[in-house]
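Below, each chain spelled out in residue letters.
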Amino acid sequence: MTVPSTSTLTRANEQPVDGGRIRPVRHPGQWIGVAAILVAAALFVQFLVTNEKLRLDLVAGYLFERSVMRGLVLTLELTVVAMVLGIVLGTVLAIMRLSGNRVLSFVASGYIWFFRGTPILVQLLFWFFLGSILPVINLGIPFGPTFVEIPTNVLISQFTAAILGLGLNEAAYMAEIIRAGIKSVDPGQSEAAEAVGMSRMLAYRRIILPQASRVVLPPIANNTISMLKLSSLVIVVGLPELLTAVQLIYSRNFQQIPLLIVASIWYLLLTTILTIIQVRIERRLDRSVTGPRPVIRAAERQGTPS
Amino acid sequence: MTEPLVRAVNVRKSFGDLEVLRGIDLEINRGEVVCVLGPSGSGKSTFLRCINHLDRIDKGEIWVDGHLIGYRRAHGHTYELRPHEIAAQRRGIGMVFQKFNLFPHRTALENITEAPIFVKRQSKADAEARAHELLERVNLGDRADFYPAQLSGGQQQRVAIARALALDPTLMLFDEPTSALDPELVGEVLDTMKDLASDGMTMIVVTHEIGFAREVADRVVFMDGGVVVEHGPPRQVLDDPQHPRTRGFLAKVI
């Protein structure tokens, strides 16, 4: 047998001097790392405070400016509505794709193929300019009589075009995230649900999707944070959300850096709030796995081995 | 004599090119406890899963309590049932799985009340009262608020038995209910099943527990190669097997 360097090994007759107290391994490298980070942070703060070209006074002045506030509200609205649309439609698409019905599965695959395969900018502009290729939307019997006629431009406002563009695109990505989540649930679960007489849809609602949600939550949070910033694309349909609002200001006063800092502060704040919400939901969903055992009162204890 | 509760007639089932069930004929009477033994790959689990249509049969017929499982006959033609009709048939048949398959995101109590509330539309109060009774019956009255991950394997399997009983089934199917358990936990599950048998429940148990079969079963069925090789009272099949394949199998497991 080969023995590693004997200097660190204990000799057979070595006796403990302090009652055998175990001392944990030391990590001197960690302290050097902490010191390095503290120095770097101090340098950064000094740079921020002493650099007059940063114009922190302007950052403070524009942080709550009215057009910035309006942009912030629009960013939030777009993100929330597009994500809700994306999650709901994505769930439907994922279930369609996994269903045994070939037509449903084919339609869902086709949707995902198309909306992931074309640029989101093109999709936004397509919805916005739909009126130019399809001036009126008719409701009626195909090739038969028409009951209602609505001009497309009335139906699709800038905001609707933005939501359709962002939401329908998001649904395609979300469908794949949720499909992965559903597939991560043990097949025994849907068998058990079926065995107690549940329909497929009830099994999804009560048994499978709640379990899949634990798996899909981190990627959904990812996409939501990404949507906060992706929503700035809606400038192509003429909507000034947060990033566009600050761009409009610095195109007049040429103070790019302070205004970009304004936008970043808001994005960071929104991301922080979303992360806190994510952690809370995750903790709630993990309760069944990692939660504390309920306390059994002595009065109801039975002779069951545990 | 009354109509048998379960009647299987020439049941056949293939997975791709592999024929797993090659003509099973079996009748099971009300209140009877039948243990199905056989080597792995003999088709015994598949046969059990066909009884509540978790696997669909290719040929033959299975009747449970006067209902043709999974299909409908009209004018000499056989039609597949709609999913909600199959779901309704399954409510009369309880199933216990080898790996328990409890719903991990629901407490023991919620596992039991899930189907009564959402499938049978019982009130929450009624379903919970019944679930507490069932938990007492499987000796887990003090574990109602535990999640499956907080229970031992034996406790989980007993919750799974209570969950199946919550729908008041006329027939209970057990698919190797003790095979995934640590040896010291097997006894508590078998005891629960013995209680159930003595209450008169009709049970079909796929198992490797020869001792349980000898003590509790009214009849033992030995399957091999997708057919029933022999069946009869445990004394006869286990102690004086007629077929060489049964003898070979028993020689290995006892």
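Residues numbered from 1 in each chain as written. Chains lettered and ligands numbered in written order. Predicted model: local features only at pLDDT ≥ 70, side-chain atom pairs only at ≥ 80, totals over all residues. Heavy atoms only, no water.

**A few points about the overall build of chain B**
(1) Moving on: Summing up its helical and strand segments, chain B has 9 helices and 12 strands in all.
(2) Moving on: A compact globule built from 254 residues would reach a C-alpha radius of gyration of about 18 Å, and chain B, at 18 Å, matches this within 12%.
(3) Moving on: Principal axes of the C-alpha set define a box for chain B whose edges measure 50 × 50 × 40 Å.
(4) Moving on: Looking at chain B as a whole, 58% of its 254 residues qualify as buried.
(5) Moving on: The long-range share in chain B, meaning contacts at least 24 apart out of those at least 6 apart in sequence, stands at 64%.
(6) Moving on: Of the roughly 10800 Å² that chain B leaves accessible, carbon and sulfur atoms contribute 47%. (Helix = DSSP H or I, 4+ residues; strand = E, 2+ residues; numbered from the N terminus. Rg over C-alpha atoms; globule rule 2.2 N^0.38 Å. Buried < 20%, exposed > 50% of the residue type's maximum accessible area, 1.4 Å probe, protein only. Contact = heavy atoms within 4.5 Å. Areas by Shrake-Rupley, 256 points an atom, 1.4 Å probe, with all protein chains shown as cover.)

**Notes on the pattern of salt bridges**
Where side chains of opposite charge bring their charged atoms close, a pairing between them can arise.
(1) Moving on: Under the counting rule described, the total for this entry stands at 26 salt bridges over all chains.
(2) Moving on: As a salt-bridge pair, Glu32 of chain B and Arg219 of chain B come within 2.7 Å of each other at their nearest N and O atoms. Taken as a pair, Glu32 of chain B in the loop between β2 (18-28) and β3 (33-37) and Arg219 of chain B in strand β11 (residues 219-224) lie far apart in primary sequence, 187 residues in all.
(3) Moving on: You can call Arg219 of chain B buried: its relative accessible area is 11%.
(4) Moving on: Here Arg245 of chain B and Asp224 of chain B are joined by a salt bridge, their closest N and O atoms 3.5 Å apart. Residue Arg245 of chain B is found in helix α9 (residues 244-253), and its partner Asp224 of chain B is found in strand β11; the two are separated by 21 residues along the sequence.
(5) Moving on: With a relative accessible area of 17%, Asp224 of chain B lands in the buried category.
(6) Moving on: Here the salt bridges share partners, and the residues they tie into one network are Arg97, Glu176 and Arg179 of chain A. (Salt bridge = Lys/Arg side-chain N within 4 Å of Asp/Glu carboxyl O.)

**As for the interface of chain A and chain B**
As a measure of interface size, the accessible area lost when the parts come together is often cited.
(1) Moving on: Contact with chain A, which involves 31 residues of that partner, is made by 35 residues of chain B.
(2) Moving on: Surface buried jointly by chain A and chain B totals about 2900 Å² across both partners, of which 54% is contributed by carbon and sulfur atoms.
(3) Moving on: At the boundary of chain A and chain B, one finds 3 salt bridges.
(4) Moving on: Counting across the chain A and chain B interface gives 8 residue pairs in polar contact (both at pLDDT 80 or more).
(5) Moving on: Secondary-structure elements contributing two or more residues to the side of chain A that touches chain B are α9 (187-195), α10 (200-230) and α12 (256-290) of chain A.
(6) Moving on: Top element by residues in the side of chain A that touches chain B is α9 of chain A. It accounts for 7 residues.
(7) Moving on: The residue makeup of the side of chain A that touches chain B, split by class, is 13 nonpolar, 9 polar and 9 charged. (Buried area = accessible area lost by both parts, 1.4 Å probe. Polar contact = N/O pair within 3.5 Å; in protein donor to acceptor, adjacent residues only side chain to side chain. Nonpolar A, V, L, I, M, F, W, Y, C, P; charged D, E, K, R; others polar.)

**What to know about the sheet that holds strand β12 (residues 227-232) of chain B**
Residue and element names in this part refer to chain B.
(1) Moving on: With mixed pairing, the 6 strands of this open sheet are ordered in space as β8-β9-β10-β3-β11-β12. Looking at the sheet topology across the chains shown, the edges are occupied by β8 (93-96) and β12. Recorded for the sheet is a direction-independent mean angle of 20° between the axes of neighbouring strands.
(2) Moving on: Inspection of the sheet shows β11 paired to β12 by 5 bridges, in the antiparallel sense. Counted as the bridge partner of Phe222 is Glu230 from β12. (Pairing = 2+ DSSP bridges. Axes fitted to C-alpha atoms, helices over the stretch in contact; angles between N-to-C directions.)

**Section: a nonpolar patch on the surface**
Residues and elements named next belong to chain A.
(1) Moving on: Judged by side-chain polarity, Leu76, Val80, Val81, Val84, Val88 and Val92 come together as a nonpolar surface patch covering roughly 470 Å² of accessible area.
(2) Moving on: Tracing the sequence through the fold places Val81 in helix α3 (residues 66-98).
(3) Moving on: When its relative accessible area of 36% is taken as the criterion, Val81 is described as partly exposed. (Patch = residues over 30% accessible without salt bridge, like charges linked within 9 Å, V, L, I, M, F, W, Y side chains within 5 Å.)

**Quick word on the side chain of Thr75 of chain A**
Residue and element names in this part refer to chain A.
(1) Moving on: If you trace the backbone, Thr75 turns up in helix α3.
(2) Moving on: Judged by relative accessible area, Thr75 falls into the buried class, the value being 0%.
(3) Moving on: When sequence neighbours within four positions are dropped, the list of residues in contact with Thr75 reads Leu228, Ser231, Glu241, Leu242 and Tyr267.

**Examining the sheet that holds strand β4 (residues 59-64) of chain B**
Residues and elements named next belong to chain B.
(1) Moving on: The 4 strands lie next to each other as β2-β1-β4-β5, forming an open sheet whose pairing is antiparallel. Both edges of this open sheet fall to β2 and β5 (67-68), since each of them pairs with a single strand only.
(2) Moving on: Here β4 runs beside β5; their pairing, made up of 2 bridges, is antiparallel. Residue pairing in the sheet places Trp63 in a bridge with Leu68 of β5.
(3) Moving on: Across the sheet, helix α1 (residues 44-51) touches β1 (6-15), β2 and β4, and the angle it forms with β2 is around 60°.

**Some points on the UniProt feature "domain: ABC transporter" (unreviewed entry) in chain B**
(1) Moving on: Within the UniProt annotation, "domain: ABC transporter" (unreviewed entry) is assigned to residues 6-250 of chain B.
(2) Moving on: Here residues 6-250 of chain B runs as 37% helix and 28% strand, with 26 Å between its end C-alpha atoms. (UniProt positions renumbered as here; feature names shortened; annotations may be inferred.)

**Re the packing of aromatic side chains**
Residue and element names in this part refer to chain A.
(1) Moving on: Counting across every chain of the model gives 7 aromatic pairs over all chains.
(2) Moving on: Geometrically, the ring pair formed by Tyr111 and Phe115 is stacked, given 4.3 Å between the ring centres and 25° between the ring planes. Linking Tyr111 with Phe115, this pair stays in helix α4 (residues 102-117), spanning 4 residues, or about one helical turn.
(3) Moving on: Residue classification places Tyr111 among the buried positions, given a relative accessible area of 17%.
(4) Moving on: With a relative accessible area of 11%, Phe115 lands in the buried category. (Phe/Tyr/Trp six-rings, centres within 6.5 Å; stacked < 30°, edge-to-face > 60°.)

**Topic: the UniProt feature "transmembrane region" (unreviewed entry) in chain A**
All names here are of chain A.
(1) Moving on: Listed under "transmembrane region" (unreviewed entry) in the UniProt record, and renumbered for this structure, are residues 31-49, 69-96, 103-130, 150-169, 230-250 and 256-277.
(2) Moving on: Here residues 69-96 runs as 100% helix and 0% strand, with 40 Å between its end C-alpha atoms.
(3) Moving on: Between the C-alpha atoms that bound residues 103-130 the distance is 27 Å, and the span itself is 89% helix and 0% strand.

**Structural notes on the nonpolar core**
(1) Moving on: Ranked by size, the top nonpolar core spans 67 residues in total, and within it Ile62, Leu171 and Ile204 of chain B carry the most contacts.
(2) Moving on: If you look at the next biggest cluster of nonpolar residues, it comprises 50 residues, including Val96, Ala144, Ala166 and Leu190 of chain B. (Core = buried A, V, L, I, M, F, W, Y, C linked by side-chain atoms within 4.5 Å.)

**Points about the state of the cysteines**
Residue and element names in this part refer to chain B.
(1) Moving on: Summed over the entire model, instances satisfying the criterion amount to 0 disulfides over all chains.
(2) Moving on: Residue Cys35 stays outside any disulfide, its sulfur separated by 19 Å from that of Cys50, the closest cysteine.
(3) Moving on: Relative accessible area serves as the criterion here: at 0%, Cys35 is assigned to the buried category. (Disulfide = S-S within 2.5 Å.)

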